[in-house]
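Next come the chains, spelled out residue by residue.
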Amino acid sequence: MPAFCDVALPVPLEIAFTYAVGETAPVVGGRVLVPFRAKRLVGIVTRLHDTAPSVKAKPILTVMDTAPVLDDGLLGLGQWIADYYLAPPGEVFRSMLPLVAEVKRGTAYSITETGLAALHDSANIGSSRRSKRSAEEQTLEYEALDFLANHEDGAVRGSKLRSATGIARALLEGMVRKKWITREDVSAVRDASRTVRVAVLVEAAAGSSKDLSSRARREAPSRGTPLVTTEDEVKGKKLNANQQTLLSSLAIAGGRQRVDELNQLAVPRSTLQTLVKRGLVEIVEEPADFKVASITTRSPLEFELTAAQRTALDTIEAAIHARKFSVSLIHGVTGSGKTAVYLSAMRQVLAEGRSAIMLVPEIGLTPAAAAHLHTVFGEEVAILHSGLTDPERAEQWHRIHRGEARIVVGTRSAVFAPVKDLALIVVDEEHDHSYKQEETPRYHARDVAVMRGKSSGAAVVLGSATPSLESFHNAQKGKYALIELKDRVADRPLPEVEIVDLRREFQETGEDQLFSRRLIEEVQQRVQAGEQAIILMNRRGYSAVVLCRACGQTVQCKNCAIALTHHKGSARLECHYCGFRAAVPKKCPQCESEYVYFLGSGTEKVEERLHAAFPTARIGRLDRDTVRGRYDFERMLNQLDSGEIDLLVGTQMVAKGHDIHGVTLVGVVGADFALGFPDFRAAERTFQLLTQVAGRAGRGKIPGKVVLQTYYPDHYAIQFAQQHDFTGFAAKELQFRKWMHYPPYTAVANVLVRSDDLQHALRYSGELGQWFKHTSMEGVRVMGPAAAPIVRLKRDYRYHFVLKAASREKLNGVLRAMLRFADERKIPRTNVIVDMDAVSLM
């Protein structure tokens, strides 16, 4: 048995660490729990050997796997991601394995000699000169010291210490800094069995809650949250609004709901405990169960494939049967039946005893895709996405690893699913920018899917009505096979798109209205006819900016160089980047003027104005504010599909992949903001969004229509979107990209330098700028350093460089040399972010 093993750990270092092997032998590709500095980390074994390191190797704490969790193919794929995206291998492997639930994190504390001395002296220390808060904190510290001193079993877990004394984590950290106590990581492998805590509505509360739940169902489509009042009583006691919200949620769920789902409601967690104490709710432990999807769906395989769909399917099946790597790009207009082609191909794969993976861009699309797949394939389907709890992700991963599920659907991380005998990878809506991860490792799931298909000898299918220009360019060059679906199924026409010039609208009406006269007329017709409409406003909240008319200052986030967004319903200002919240000011924070003005619009204002214009219509809103729980998205789409909602307002969440046959009108109120952004992809993003949302109209028997309000009616992205002409848009945009040396004609990397200290950010970017200036880089162009468009984000000051090169190999070499220089100059690796193939330069 080898004496040592190399382990890749999830730390920002691109090296493996050597550990001594104990009695249980690890396996390459398996996990081990090891000590690392003062922590315990889970890493992946990359090599077994007998070469002793120059320093004494620490022993492995626990061997977690007797068989690899990452086979040779996935290990190789992970190493490719680390090399291409310049990411630490350990962090790559961690992102490939959704198994964090199998390690129980814990911290234990022990009292030191200094702490014992402080406890001994505490009786002689007065608190008369201290503030009340300081005296209370000091009392808590001495209570914690006393608890530790009298604990006979040595170190005490942090959870036990906090529960016994009421001390906060921040105070414990302060005691560690004062060397009164020591902190030790006591993380360990968790028991594999899984249970969940379930809240059960007791019989006494059920009757009262039925009234709440019925009103919640009636009001939720228009309000976005359950209806509550402070007048209802249970057992003769009044319930406050938070308690009624929680009880009505339980009633809607049939009297039983998981505690982790209830915790996602906008109520304090203490509310549930209060209801338990009052005897209205019970908490029970139950074996974990997994829900595939609850969204209503009609199977696409109920329909006969058209000739174009059959041709597309034949091409894909030929690639699957060849058992050789291939990439096909399906460019099909919205409603052309791409999903039916995917599922038919996956059914063929399953019939041959092989496996397939289907990627969708967002969690919101996963339930619909899963429902389609579950209808066709039953229990052979597994789901992987970040909306699941950690134990659920682990459960699904193990089902796949054991071979119990051969069809996998999920978001970008599902590309790493450990399926056996992979035959097909489908990347639906392959143009979507959410396939690009915005944190380390910054991989693009579409490109990783292509690489996995190459290493596995699988067929890769990319599909979209608006393909990315990179994929379309590869198809034009013959690198990918191009499959076109030019018509909708059942010969349904594409919706007519009518452009409303908001500049002319203002000239003719003399008012700056949120809705044009034409859009009001069209919505009125749909409401009267009993049809449905979708209204797109790609910005959430009520007002985008809070401005002082006296001094001209906007109310800014304290952590970001971003104006706070006004949310009227919750009476707060919020940063959509870091989550910072503040009260709505009555006076200007800068000059104390009372002339505070709210500018701009968001989905909340659109919903309010629609209620005013159409008081009898049932109106729903779909954005990040209304989709809080794990099933909120599905519930809203079910209500739209069943006809319970007449008008649905939403952000880009309403634009992607939904097949609702009752929608005959789409109104675009605000979606051309991006055309003013300093981003070379701005036109492409706008065209894709407009084309995708237009495709939601007219998917049933009644033809659809789109009313597109814009201040840029002559922009080519708007014009081509009106004509549903992707090919024309691509030709024009590709010409601009070629002139300006942007993708797909060059590779682009964004190097972001950040620090919460402005002087450090300036120094780091200056040193790297000098290195770029004096280093020979043939074929690589460097622009910068310059302040990032959002110069401060989440407390970090940000400067960046943009690098272009025709050769990815040369670009990768320059970036590696730059990182080595940064290491030599003691610039922390976490302060230099390399984003290869960046999709956003903001």
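Above: the structure in question.
Along each chain, numbering runs from 1 in the same order as the chain's sequence is written. With pLDDT at 70 or above as the cut-off, local features in this predicted model cover only qualifying residues; side-chain atom pairs require 80 or more to be listed or tallied, and sums for whole chains, interfaces and linings still use all residues. To get the side-chain values, take all heavy atoms of the structure and skip hydrogens and water.

A. Expanded view of unusual backbone geometry. Residue Pro441 is reached from Thr440 by a cis peptide bond, and omega for that bond is -5°. Think of it this way: any DSSP run of H or I at least four residues long counts as a helix, any run of E at least two long counts as a strand, and we number them from the N terminus. As for its placement among the helices and strands, Pro441 is situated in the loop between strand S20 (422-428) and helix H15 (445-456). Put simply, Pro743 and Pro744 share a cis peptide bond, and its omega is 15°. Note that Pro744 resides in the loop between helix H23 (726-740) and strand S34 (747-755). In this structure, Arg37 takes a positive phi of about 55° despite not being glycine. The topology assignment puts Arg37 in the loop between strand S3 (31-36) and strand S4 (39-49).

B. View of a nonpolar patch on the surface. A patch consists of residues exposed above 30% relative accessible area that lack any salt bridge, with like charges linked at up to 9 Å and nonpolar side chains (Val, Leu, Ile, Met, Phe, Trp, Tyr) linked at up to 5 Å. Here the Shrake-Rupley method, with its probe set to 1.4 Å, supplies the accessible areas, and only the displayed protein chains count as covering residues. What makes a salt bridge here is a side-chain nitrogen of Lys or Arg within 4 Å of a carboxyl oxygen of Asp or Glu, nothing more. A grouping of Phe736, Trp739 and Met740 is seen on the molecular surface, where their side chains present a nonpolar patch of about 350 Å² in accessible area. Between buried and exposed lies partly exposed: a residue is buried under 20% and exposed over 50% of the maximum accessible area for its type, with that area taken using a 1.4 Å probe on protein chains only. With a relative accessible area of 32%, Phe736 lands in the partly exposed category.

C. A look at the packing of helix H21 (residues 682-694) against H23. At a closest axis distance of 11 Å, the pairing of H21 and H23 adopts a crossing angle of 170°. Between H21 and H23, the angle falls in the class roughly antiparallel. Across from Ala683, Glu684 and Phe687 in H21, the residues of H23 making contact are Phe726, Phe729, Glu733 and Arg737. Each residue gets one of three labels, nonpolar for Ala, Val, Leu, Ile, Met, Phe, Trp, Tyr, Cys and Pro, charged for Asp, Glu, Lys and Arg, and polar for the others, Gly among them. A class-by-class count of the residues in the contact of H21 with H23 yields four nonpolar, no polar and three charged. For every element, the axis is a line fit to its C-alpha atoms; helices are fit only across the contacting stretch, and the angle between N-to-C directions ranges from 0 to 180 degrees. The cut-offs work like this: below 35 degrees is roughly parallel, past 145 is roughly antiparallel, 65 to 115 is roughly perpendicular, and the gaps in between are oblique. Here a residue-residue contact requires only that any non-hydrogen atoms of the pair lie within 4.5 Å.

D. Focus on the pairing of strand S1 (residues 4-8). Counting buried positions along S1 yields five of five residues, so the element is predominantly enclosed. Of the two faces of S1, the one lined by Phe4, Asp6 and Ala8 and the one lined by Cys5 and Val7 are each fully buried. Sheet topology places S1 next to S4; five bridges connect them, and they run antiparallel. Looking at S4, one finds that Phe4 is bridged to His49. Pairing between S1 and strand S2 (residues 17-20): four bridges, direction antiparallel. Paired with Cys5 across the two strands is Tyr19, which belongs to S2. A pair of strands is labelled paired if DSSP reports no fewer than 2 bridges between them.

E. Just empty space enclosed by the protein, in detail. Detection works on a 1 Å grid of protein atoms alone, calling trapped sets that fit a 1.4 Å probe cavities and calling open sets with protein on both sides within 12 Å along at least five of seven lines pockets, with lining residues defined by an atom within 4 Å of a point. Grid points are joined across faces, edges and corners, and a volume is the space filled by probe spheres set on the points. Scanning the entire structure with this criterion turns up one cavity of 30 Å³ or more. Approximately 40 Å³ is the volume found for the largest cavity. As for the largest cavity, its lining consists of Ile534, Leu637, Leu640, Leu648, Val654, His658, Ile660, Val663 and Arg696. Partitioned by chemical class, the residues of the lining of the largest cavity number seven nonpolar, one polar and one charged.

F. Broad picture of the environment of Pro53. Relative to the helices and strands, Pro53 is located in the loop between S4 and strand S5 (62-63). The spatial distance from the C-alpha of Pro53 to the C-alpha of Thr18 is 7.0 Å, given a sequence separation of 35 residues.

G. Highlighting the environment of Cys548. In this structure, Cys548 sits in strand S25 (residues 545-548). The buried category is assigned to Cys548, whose relative accessible area is 3%. Along the primary structure Cys548 and Leu536 are separated by 12 residues, whereas in three dimensions their C-alpha atoms are 29 Å apart. Not counting the four nearest positions on each side in its chain, Cys548 is found in contact with Gln553, Cys588, Cys591, Ser593 and Tyr595.

H. Representation of the packing of aromatic side chains. Between the rings of Phe, Tyr and Trp (Trp by its six-membered ring), a pair exists once the centres lie within 6.5 Å; its type follows the angle of the planes, with under 30 degrees stacked, over 60 edge-to-face, and the other angles tilted. Inspection of the entire model under this criterion finds 16 aromatic pairs. Here the aromatic rings of Tyr142 and Trp180 are separated by 6.0 Å at their centres, their planes lie at 20°, and the arrangement is stacked. Of the two residues, Tyr142 is situated in helix H4 (residues 132-149) and Trp180 in the loop between helix H6 (169-177) and strand S9 (181-185); the sequence distance between them amounts to 38 residues. With respect to burial, Tyr142 and Trp180 carry one shared label: buried. Cluster of aromatic residues (ring-pair linked, three or more members): Phe472, Phe687, Tyr716, Phe726, Phe729, Phe736 and Trp739. Here the basic side chain of Arg549 rests over the ring of Tyr597, its NZ or CZ set 3.9 Å away from the ring centre. Comment: the charge-over-ring label is applied if NZ (Lys) or CZ (Arg) is within 6 Å of the ring centre and within 35 degrees of the ring normal. One residue, Lys732, lies across the ring of Tyr716, its end atom 5.9 Å from the ring centre.

I. Geometry of the sheet that holds S34. Judged by pairing direction, the sheet is antiparallel, and its four strands sit side by side in the order S35-S36-S34-S37 without closing on themselves. Among the strands making up the open sheet, the edge pair consists of strand S35 (780-793) and strand S37 (832-836). The average undirected angle you get between the axes of adjacent strands in this sheet is 20°. Both S34 and strand S36 (residues 796-805) contribute to a ladder of nine bridges, which runs antiparallel. From the neighbouring strand, Val751 faces S36, where its bridge partner is Phe801.

Any functional reading would require information beyond the geometric quantities listed.
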